[in-house]
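Below are the chains, spelled out letter by letter.
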Amino acid sequence: MSFLVLRELKKTYGDFVAVEALSLDVQRGEFISLLGPSGCGKTTTLQMVAGFVEPTGGAILLDGHDLVAMKPSRRGLGVVFQSYALFPHMTAAENVAFGLEMQKVGRAERDERVRNALELVGLGGFAERYPRRMSGGQQQRVALARALVIRPHVLLLDEPLSNLDAKLREEMQIELRQIQRTVGTTTILVTHDQSEAMALSDRIVVMNGGRVEQIAAPQEAYERPATPFVAGFLGKTNELSGTARVEGGETRVVIADGRWASRRPIDGAVIASVRPEKIAFADCAAGRLTGLVKTRIFQGNHWLYRIETLAGQVFVIRQNGGEPMPAENDKVGLTWRPEDMALRAADGRR
Amino acid sequence: MSTPASDNAAPSAWLLSLPALVFFAVIVIVPLIMTVVLSFHDWGEYKGIQPVFILKNWIEIWSDPYFGEMFARTFRIAILVTLITAVFGAPEAYILNRMRAPWRGIFVLVLLGPLLISIVARTLGWALLFGGNSGVVNAALMKLGVISSPIPFMFTETGVIIALAHVLMPFMVLSVWAALQRVDPQIENAAASLGAGHFTTLRRVIFPQIVPGVLSGGIIVFALSASAFATPAIIGGRRLKVAATLAYDEFLNTLNWPLGAAVATLLLVCLVVTIVGANRLIERRYAEVFR
């Protein structure tokens, strides 16, 4: 049996369904992200696990024991809040020591563990600082140390990086992943940032409107999104209308002036979903989707193109490899491998 | 806080604040100086006020234990009122802060009630509740079996303290409430997740954060109860005097204005010293934590 099991977990506020029958199995040591737009129920789910919100229905089992009936203070979970929620009247060391005091850990061991926890998050020299005197990133680390020092069964992170600036966020992502690997704590992260979820997690739970859209490893969710929502939410994607016809064991896909052969048996009006970085430029040969370069934006390591085609506008991302690239107002052909194109029926059938 | 401009303030800044400065000087500074000067004048029953500089009034206050008693009573009342408002006001603010609409609004109104009623009407209301051996409060307490014989409330310090604590409670509650609103709403959850029970969270996490609110509320309540006039005058009566009623009587009954002015000045000096001292203590103690 899995370490942490959420079974048919449900939360309603009056008529509003915040979380609808969420089931999730988390393995010991796994890093799971709950990803979705605001209001998708991800934070509510986390708070139900932490015990701050009482579920309307369903069960939460930790190592086979029911958590729902247990008070938050008895669950032994470490929580890092979006606002950090540090105790402002205590120094960093006192903040970290608080949980150990509650566990009645002896002074000598407590001091030792506090020191180790602060070293782990790279704040060895900041033990006597008050939170107000620390930067956002440092406060974040204190919050992490405070949650980890009690050796929690599960570490719950509620948008912990959203208050940091972009550069610091990237650094903290790497560090967070490294710390989680070192300590090996089972972790659930709530985030609305898809790149953060993909960078950190073993598996992603994509949520929308209180429902789970897909539970998969980051790469799988990105390459093979289960629903159009997942495709749109994880990275950018181009959605192009076309037609498909099965012909002698092969499916012929036509998108405007472009032709593809696919092995997916589908017939009629289709929508093809293609990631911008999977599209390559080619000459305007017959049977190729052609278009006009409308805008070209240089972003350092890559170029971002907006191409006007007969099938609508298409975004293309090309690595900056140093070779000459099409300029604005150039006429270009667009090509991609059939397997990089996800096809679904235009009327919603799959 | 200092802005770059304040180091070499432009003359126009002074010019712009001149009307307010003049207004402030005329209605506060000048009468204050006149009161201080008055306290050094001489007075006699037949000669009236003599504009001379003598220390007679100050020596009288210093040497006559009557005045010492008045000031001791004034500050005893002020300290007890401050303690009572802190003990009841801090939990009240905490409960208020956790209430939901519309209850919060309703109870804020109830809390502010005493401030919305005329001070004389309110104090006379207390007099009605306290009055005599069969007053409402005593009758109720005896019916409930809390006490066997009536407690004298009228013309006692007990009565003055209860009535003052009632009217000054809003200042304490609002001050603590302001401190509570700066507390991170997730902080109780954070404490719970670290294994702290409800009482431990209150004691170790919430209370230390509202101490500055309690202290600043305490300063307000202390200052207002030490200088209160109407409540001690009506509940305490003419015999149970405090510094404010004493100054009033010297001015209007004895007509010894210089002595009254000396009493008023001394009360002011005592209050300023207490408040500035307490304020500096708070700032020094909490500067690091609450900037």
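Residues numbered from 1 in each chain as written. Chains lettered and ligands numbered in written order. Predicted model: local features only at pLDDT ≥ 70, side-chain atom pairs only at ≥ 80, totals over all residues. Heavy atoms only, no water.

1. Considerations on the domain arrangement of chain A
Residue and element names in this part refer to chain A.
Phase 1 of the analysis: Structurally, chain A comprises domain 1 (4-232) and domain 2 (237-345).
Phase 2 of the analysis: Centre-to-centre separation of domain 1 and domain 2, based on C-alpha positions: 39 Å.
Phase 3 of the analysis: Listed as interface residues are 7 residues of domain 1 and, on the opposing side, 6 residues of domain 2.
Phase 4 of the analysis: Buried surface at the junction of domain 1 and domain 2, summed over both partners, amounts to about 510 Å²; 40% is from carbon and sulfur atoms. (Domains from an automatic or database assignment. Contact = heavy atoms within 4.5 Å. Buried area = accessible area lost by both parts, 1.4 Å probe.)

2. So, the packing of helix H3 (residues 56-63) of chain B against helix H13 (residues 257-286) of chain B
Each pair of packed helices can be summarised by the angle the axes make with each other and by the distance between the axes.
All names here are of chain B.
Phase 1 of the analysis: It is at 9 Å that the axes of H3 and H13 come closest, and there the two elements cross at 60 degrees. Of the two possible hands of crossing, H3 and H13 adopt the one that is right-handed. Where H3 approaches H13, its residues Asn-57, Trp-58, Glu-60 and Ile-61 are matched on the opposing element by Pro-258, Leu-259, Ala-262, Val-263, Thr-265 and Leu-266. (Axes fitted to C-alpha atoms, helices over the stretch in contact; angles between N-to-C directions. Helix = DSSP H or I, 4+ residues; strand = E, 2+ residues; numbered from the N terminus. Left-handed = near helix turned anticlockwise from the far one by under 90°.)

3. As for the sheet that holds strand E2 (residues 16-26) of chain A
All names here are of chain A.
Phase 1 of the analysis: With antiparallel pairing, 4 strands are arranged side by side in an open sheet as E2-E1-E4-E5. In this open sheet, the two edge strands, each paired with only one partner strand, are E2 and strand E5 (65-66).
Phase 2 of the analysis: With 7 bridges joining them, strand E1 (residues 4-13) and E2 adopt antiparallel strand pairing. Of the residues in E2, the one forming a bridge with Leu-6 is Leu-24.
Phase 3 of the analysis: Those strands touched by helix H1 (residues 42-50) are E1, E2 and strand E4 (57-62), and its axis lies near 115 degrees from that of E1. (Pairing = 2+ DSSP bridges.)

4. Concerning the layout of surface pockets
Phase 1 of the analysis: Of the pockets and cavities examined, the largest pocket occupies roughly 690 Å³.
Phase 2 of the analysis: Elements supplying a minimum of two residues to the lining of the largest pocket: helix H7 (218-223), helix H8 (228-233), strand E13 (258-262), strand E14 (268-274) and strand E20 (341-345) of chain A.
Phase 3 of the analysis: With 4 residues, E20 of chain A is the largest single contributor of residues to the lining of the largest pocket.
Phase 4 of the analysis: Partitioning the lining of the largest pocket into residue classes produces 11 nonpolar, 4 polar and 10 charged.
Phase 5 of the analysis: Lining the lining of the largest pocket are residues from two domains, each supplying at least three of them: domain 1 (4-232) and domain 2 (237-345) of chain A.
Phase 6 of the analysis: Roughly 590 Å³ of internal volume is contained in the second largest pocket.
Phase 7 of the analysis: Lining the second largest pocket we find 21 residues, and of these Tyr-94, Arg-98, Glu-188, Asn-189 and His-198 of chain B sit closest to its centre.
Phase 8 of the analysis: Residue assignment for the lining of the second largest pocket shows that the elements contributing at least two residues are helix H4 (65-98), helix H9 (187-193) and helix H10 (198-226) of chain B.
Phase 9 of the analysis: It is H9 of chain B that provides the largest number of residues to the lining of the second largest pocket, a total of 4 residues.
Phase 10 of the analysis: Looking at the lining of the second largest pocket residue by residue, the classes come out as 10 nonpolar, 7 polar and 4 charged. (1 Å grid on protein atoms, 1.4 Å probe; cavity = no way out; pocket = protein on both sides within 12 Å on 5 of 7 lines; lining within 4 Å. Points joined across faces, edges and corners; volume = space filled by probe spheres on them. Nonpolar A, V, L, I, M, F, W, Y, C, P; charged D, E, K, R; others polar.)

5. Side note on the side chain of Gln-180 of chain A
Phase 1 of the analysis: Tracing the backbone through its elements, the reader meets Gln-180 of chain A in helix H5 (residues 166-183).
Phase 2 of the analysis: When near neighbours in sequence (up to four residues on either side) are disregarded, Gln-180 of chain A contacts Gly-29, Glu-30, Phe-31, Thr-185 and Thr-187 of chain A.

6. Thoughts on the pairing of E4 of chain A
Residues and elements named next belong to chain A.
Phase 1 of the analysis: Strand direction decides the pairing type here: E1 and E4, joined by 5 bridges, are antiparallel. Each bridged residue has a counterpart across the sheet, and for Val-5 the counterpart in E4 is Leu-61.
Phase 2 of the analysis: Where E4 folds back onto E5 in an antiparallel hairpin, the turn is made up of 2 residues, including Asp-63, whose phi is positive at roughly 55 degrees.

7. Thoughts on the pattern of salt bridges
A side chain of one charge can pair with a side chain of the opposite charge if their charged atoms are brought near each other.
Phase 1 of the analysis: Taken as a whole and assessed by the stated rule, the structure comprises 27 salt bridges over all chains.
Phase 2 of the analysis: Note that Arg-204 of chain B and Glu-101 of chain A form a salt bridge whose closest N and O atoms lie 2.8 Å from each other. On the criterion of chain membership, the pair formed by Arg-204 of chain B in helix H10 and Glu-101 of chain A in helix H2 (residues 92-102) is interchain, its members lying in two chains.
Phase 3 of the analysis: When its relative accessible area of 26% is taken as the criterion, Glu-101 of chain A is described as partly exposed.
Phase 4 of the analysis: Salt-bridge contacts for Arg-177 of chain A lead to Asp-202 of chain A; the nearest nitrogen and oxygen are separated by 3.1 Å. Of this pair, Arg-177 of chain A sits in helix H5 while Asp-202 of chain A sits in the loop between helix H6 (194-200) and strand E9 (203-208), and the two are 25 residues apart along the sequence.
Phase 5 of the analysis: By relative accessible area, which is 11% here, Arg-177 of chain A ends up buried.
Phase 6 of the analysis: Put simply, Arg-245, Glu-247, Glu-250 and Arg-252 of chain A are held in one network by salt bridges that share partners. (Salt bridge = Lys/Arg side-chain N within 4 Å of Asp/Glu carboxyl O. Buried < 20%, exposed > 50% of the residue type's maximum accessible area, 1.4 Å probe, protein only.)

8. Topic: the nonpolar core
Phase 1 of the analysis: Phe-98, Leu-144 and Leu-156 of chain A are the most contacted members of the largest nonpolar core, which totals 112 residues.
Phase 2 of the analysis: Top element by residues in this core is helix H8 (residues 157-181) of chain B. It accounts for 14 residues.
Phase 3 of the analysis: When neighbours within four sequence positions are excluded, Leu-144 of chain A is seen to be in contact with Val-80, Val-121, Leu-155, Leu-157, Leu-176 and Ile-179 of chain A.
Phase 4 of the analysis: In terms of nonpolar packing, the next biggest core, distinct from the first, is built from 24 residues, Leu-289, Val-293, Met-341 and Ala-345 of chain A among them. (Core = buried A, V, L, I, M, F, W, Y, C linked by side-chain atoms within 4.5 Å.)

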